[in-house]
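# Structural description and commentary
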Amino acid sequence: MTTATMERIPAVSTPADAPAVRSIDLEFSTASDVHTGLEEAVAELIEVAAQDADCGILVTRLHPGRYTVALDESVPFGETYEAIAA
C-alpha cells in the first residue's frame, strides 16, 4: 500500500476582514495528487476572482511537484493560464 500526501504551504494567518488570498503555494509528493490539488486551488481562487472580476488565474509550475496558483492581472477574467518557471 502506498500513501500520498499533498502539502499546502501554510500562509500567515490573517484577520477575517483582511483581503482574500491571492496566491496559493502547493507541493505534491506524488504525481497522482497534482491534478486534484491544482483543481481545488483553482476553484478556491475562482471564488476570489469573481468578487472583483478584474483578473484571471495563473498556474505556474516552479519545479516537479511544486506549483503556485495565483490571481494575475495579465490573465483575462474568467480564464486560467498555465506557465512553467524558467
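Below: a short report on this structure. Here the residue numbers are simple positions, counted from 1 along each chain's written sequence. The predicted origin of the model limits local features to residues at a pLDDT of at least 70 and limits the giving and counting of side-chain atom pairs to 80 or more, whereas totals for whole chains, interfaces and linings rest on all residues. Excluded from the side-chain calculations are hydrogens and water; all other atoms, namely the structure's heavy atoms, are used.

### What about the overall build of the protein?
Segments assigned H or I by DSSP are reported as helices when at least four residues long, segments assigned E as strands when at least two residues long, and all are numbered from the N terminus. When its secondary structure is counted, the protein shows 1 helix and 5 strands. Helices and strands appear in the protein in the N-to-C order β-β-α-β-β-β. Burial classes: relative accessible area under 20% of the type maximum marks a residue as buried, over 50% as exposed, and values in between as partly exposed (1.4 Å probe, protein chains only). Looking at the protein residue by residue over its 86 residues, the buried ones come to 28%. Only heavy atoms matter for contacts: two residues are in contact if any of them lie within 4.5 Å across the pair. If you take every contact in the protein between residues at least 6 apart in sequence, the share linking residues at least 24 apart comes to 43%. When the accessible area of the protein is evaluated, it comes to approximately 5,900 Å², of which 54% is carbon and sulfur surface. What sets the accessible areas is the Shrake-Rupley method with a 1.4 Å probe; for residues, cover comes only from the shown protein chains.

### Observations concerning the nonpolar core
Note that soluble globular proteins tend to have their nonpolar side chains buried in a common cluster. Among the nonpolar cores identified, the biggest contains 16 residues, and L26, L38, L45, I57, V59, V69 and L71 are the most heavily contacted of them. Counting only elements with at least two residues in this core, the list comes to β2 (23–28), α1 (34–52), β3 (56–63) and β4 (66–72). In this structure L71 touches V21, R22, L45, V48, A49, C55, G56 and I57, once residues within four positions along its chain are discounted. Think of a nonpolar core as a cluster: buried Ala, Val, Leu, Ile, Met, Phe, Trp, Tyr and Cys residues, connected wherever their side-chain atoms sit within 4.5 Å.

### Points about the pairing of β4
Most of β4 is tucked away, with 5 of its 7 residues classed as buried. Here, any two strands with at least 2 DSSP bridges between them count as paired. Across 5 bridges, β2 lies against β4 in antiparallel orientation. Looking at the pairing, S23 lines up with A70 of β4. Of the strand pairs in this sheet, β3 and β4 are connected by 7 bridges, and their pairing is antiparallel. What sits directly across from V59, in β4, is V69. In this antiparallel pair of consecutive strands, β3 and β4, the connection spans 2 residues, and G65 shows a positive phi of 85°.

### Points about the environment of Q51
Relative to the assigned elements, Q51 resides in helix α1. C-alpha of Q51 to C-alpha of A20: the two residues are 31 residues apart in sequence and 9.7 Å apart in space.

### Structural notes on the side chain of T60
Within the secondary structure layout, T60 lies in strand β3. T60 sits in the buried class, given a relative accessible area of 15%.

Note that every value here comes from positions in space, so none of it alone points to a role or purpose.
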